[in-house]
Amino acid sequence: MKPIDPKTVHRIMVRSTNWVGDAVMTTPAMADVRRAFPEAEIVVIANPLVAQLFTCHPDCDRVLVYDKKGPHAGMAGLWRFSRALREENFDLAILLQNAIEAAVMAFLAGVPRRVGYRTDARGWLLTHGVAVGPEQKRLHHTEYYRFMLRQFIATQGDGRLRLTCNAEETAWALHTLGDGGWVAINPGAAYGSAKRWLPERFAEVADSLHREFGLRVVLTGGPAEQEIGRDIEQAIQAPVLNLIGKTSIRQMIAVLASCRLVVTNDSGPMHVAAAFDIPIVAVFGPTDHSTTSPWSKNSRIVRKATACAPCLLRQCPTDHRCMRAITAEDVMQAARALLGGTA
């Protein structure tokens, strides 16, 4: 199939993924789109949470919020939203989301060229479809999205993750955190409890980092993780600022971008930190580190090989051995490697 001629493309609809971490991993592909179509307007379609990532982004001109839990619920909501998109007169739809819904949306919106993977039985709805074989499934997610684009456009990006904070957000983070070096402890994971390391071990690591490096401790995460945050806050001996459930996505991004180190599960905030090249210690258990690890050389993966991992399950059906096998000292060794020894 011939590459798409940039001269024929003036408005691009990009259907983003539905998870924060996945969306961050699409940002190298977004840069490829910008470079391949430098004169085109790029409009991202995203759910309310992911939309916040792109409200301030160099490779996105506008964001349209698709809210399936609100005004766009059900097939009627999809129909209304898609018909409204017709007024945008998009020349090209790039479907980073793998679901058939994204292809249906682009088709109903009357977009003449629809690019995406032939997943979820949607191949017949795509004009430029790419098969997903064993090779593509083994790719890191950042390269997975870029591979699809390379079949149809001349990609020229540098492959780096990109997120930005504006001056107001940066000032808010500096005011909230104050002076000093900070370690962000991110104990949650939206996908499920199997991805979460033990709260008491996060607390032990936080105390060690405060003691050895003088780092101040901030807890980050969403509203669903507030109980975990309280458990860690009670177990930590060092002073701690608990921001779990108290920030917007944009504010959380600014906090992470201001830290000296992030200790985290495999999660959206992990990828956010990678986009700012913040040193990361990432604890992996049931998920595949080869496809979803931080896309950054400034990171360390801590995991223990077990017969049942990676299982990719949301909840562990046995004894959570892949996570329980990881000690606080394992994580501290990785942190010391990133921070350059002891203070």
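Residues numbered from 1 in each chain as written. Predicted model: local features only at pLDDT ≥ 70, side-chain atom pairs only at ≥ 80, totals over all residues. Heavy atoms only, no water.

(A) Representation of the pattern of salt bridges within the structure. For the structure shown, the criterion picks out 16 salt bridges. With a closest N to O distance of 4.0 Å, R35 and D59 form a salt bridge. Here R35, found in helix 2 (residues 27-36), pairs with D59, found in the loop between helix 3 (48-51) and strand 3 (62-65); they are 24 residues apart in sequence, far enough to count as distant. Owing to a relative accessible area of 31%, R35 belongs among the partly exposed residues under this scheme. The exposure class of D59 is buried, given its relative accessible area of 4%. (Salt bridge = Lys/Arg side-chain N within 4 Å of Asp/Glu carboxyl O. Helix = DSSP H or I, 4+ residues; strand = E, 2+ residues; numbered from the N terminus. Buried < 20%, exposed > 50% of the residue type's maximum accessible area, 1.4 Å probe, protein only.)

(B) A look at the sheet that holds strand 12 (residues 299-302). Spatially, the 6 strands line up as an open sheet ordered 9-8-7-10-11-12, and their pairing is parallel. In this open sheet, the two strands that pair with only one neighbour each are strand 9 (240-242) and strand 12. Across this sheet, the average inter-strand angle for adjacent strands is 15 degrees, counted without regard to direction. Of the strand pairs in this sheet, strand 7 (residues 182-186) and strand 10 (residues 261-265) are connected by 4 bridges, and their pairing is parallel. Following the sheet pairing, A184 is matched in strand 10 by V262. Strand contacts of helix 15 (residues 328-339): strand 10, strand 11 (280-283) and strand 12, with the helix running at about 170 degrees to strand 12, the strand carrying the most contacts. (Pairing = 2+ DSSP bridges. Axes fitted to C-alpha atoms, helices over the stretch in contact; angles between N-to-C directions. Contact = heavy atoms within 4.5 Å.)

(C) Up close: the packing of helix 4 (residues 74-85) against helix 5 (residues 100-108). Two numbers describe how helix 4 lies on helix 5: the axes approach to 7 Å, and their chain directions differ by 45 degrees. In this view, helix 4 runs oblique relative to helix 5, as classed from their interaxial angle. Once helix 4 is placed against helix 5, the crossing between them reads as right-handed. Along the contact surface, helix 4 presents L78, W79, F81, S82, R83 and L85, while helix 5 presents E101, V104, M105 and L108. (Parallel < 35°, antiparallel > 145°, perpendicular 65-115°, else oblique. Left-handed = near helix turned anticlockwise from the far one by under 90°.)

(D) Representation of the environment of D5. When you line up the elements, D5 lands in the segment before strand 1 (11-15). Residue class for D5 comes out partly exposed when judged on its relative accessible area of 37%. Engagement of the side chain of D5 in a polar contact is seen with the backbone nitrogen of K7, the distance being 3.0 Å. (Polar contact = N/O pair within 3.5 Å; in protein donor to acceptor, adjacent residues only side chain to side chain.)

(E) Examining the sheet that holds strand 6 (residues 128-130) more closely. Across the sheet, 6 strands lie side by side as 3-2-1-4-5-6; this open sheet has parallel pairing. Lying at the two open borders of the sheet, with one neighbouring strand each, are strand 3 and strand 6. With strand direction ignored, the average angle separating the axes of adjacent strands in the sheet is 15 degrees. Relative to strand 5 (residues 113-117), strand 4 (residues 92-95) runs parallel, the two being bridged by 4 bridges. When the bridges of strand 5 are listed, I94 appears paired with V115. Strand contacts of helix 2: strand 1, strand 2 (41-46) and strand 4, with the helix running at about 155 degrees to strand 2, the strand carrying the most contacts. Strand contacts of helix 4: strand 1, strand 2 and strand 3, with the helix running at about 155 degrees to strand 3, the strand carrying the most contacts.

(F) Layout of a negative patch on the surface. There is a patch of like negative charges on the surface, built from E200, E204, E227 and D231. Secondary-structure elements contributing two or more residues to the negative patch are helix 9 (199-213) and helix 10 (226-235). Within the secondary structure layout, E204 lies in helix 9. What makes E204 partly exposed here is its relative accessible area of 46%. (Patch = residues over 30% accessible without salt bridge, like charges linked within 9 Å, V, L, I, M, F, W, Y side chains within 5 Å. Areas by Shrake-Rupley, 256 points an atom, 1.4 Å probe, with all protein chains shown as cover. Lys, Arg positive; Asp, Glu negative; His and termini not counted. Charge placed at Lys NZ, Arg CZ, Asp CG, Glu CD.)

(G) Expanded view of helix 10. Residues of helix 10 that are buried include every one of I228, G229 and I232, and no others. Looking down the long axis of helix 10, one finds its buried residues gathered within 100 degrees of arc, a one-sided arrangement. Exposed and facing more than 90 degrees away from the buried side of helix 10 are E227 and Q234. Here the buried face of helix 10 lies against helix 9, strand 8 (216-219) and strand 9. (Arc of directions from axis to C-beta.)

(H) Region of interest: the nonpolar core. Core analysis: the biggest nonpolar cluster contains 57 residues, and I12, F37, L53 and I94 have the highest contact counts within it. If we ignore the near neighbours within four places in the chain, the residues touching F37 are I4, P6, V9, I12, L92 and I153. If you look at the next biggest cluster of nonpolar residues, it comprises 33 residues, including L209, L215, L219 and C322. (Core = buried A, V, L, I, M, F, W, Y, C linked by side-chain atoms within 4.5 Å.)

(I) Spatial organisation of the environment of T164. Structurally, T164 can be placed in the loop between helix 7 (141-150) and helix 8 (167-177). Here C56 takes part through its backbone oxygen, which lies 2.4 Å from a polar atom of the side chain of T164.

This is a description of form; function is not addressed.
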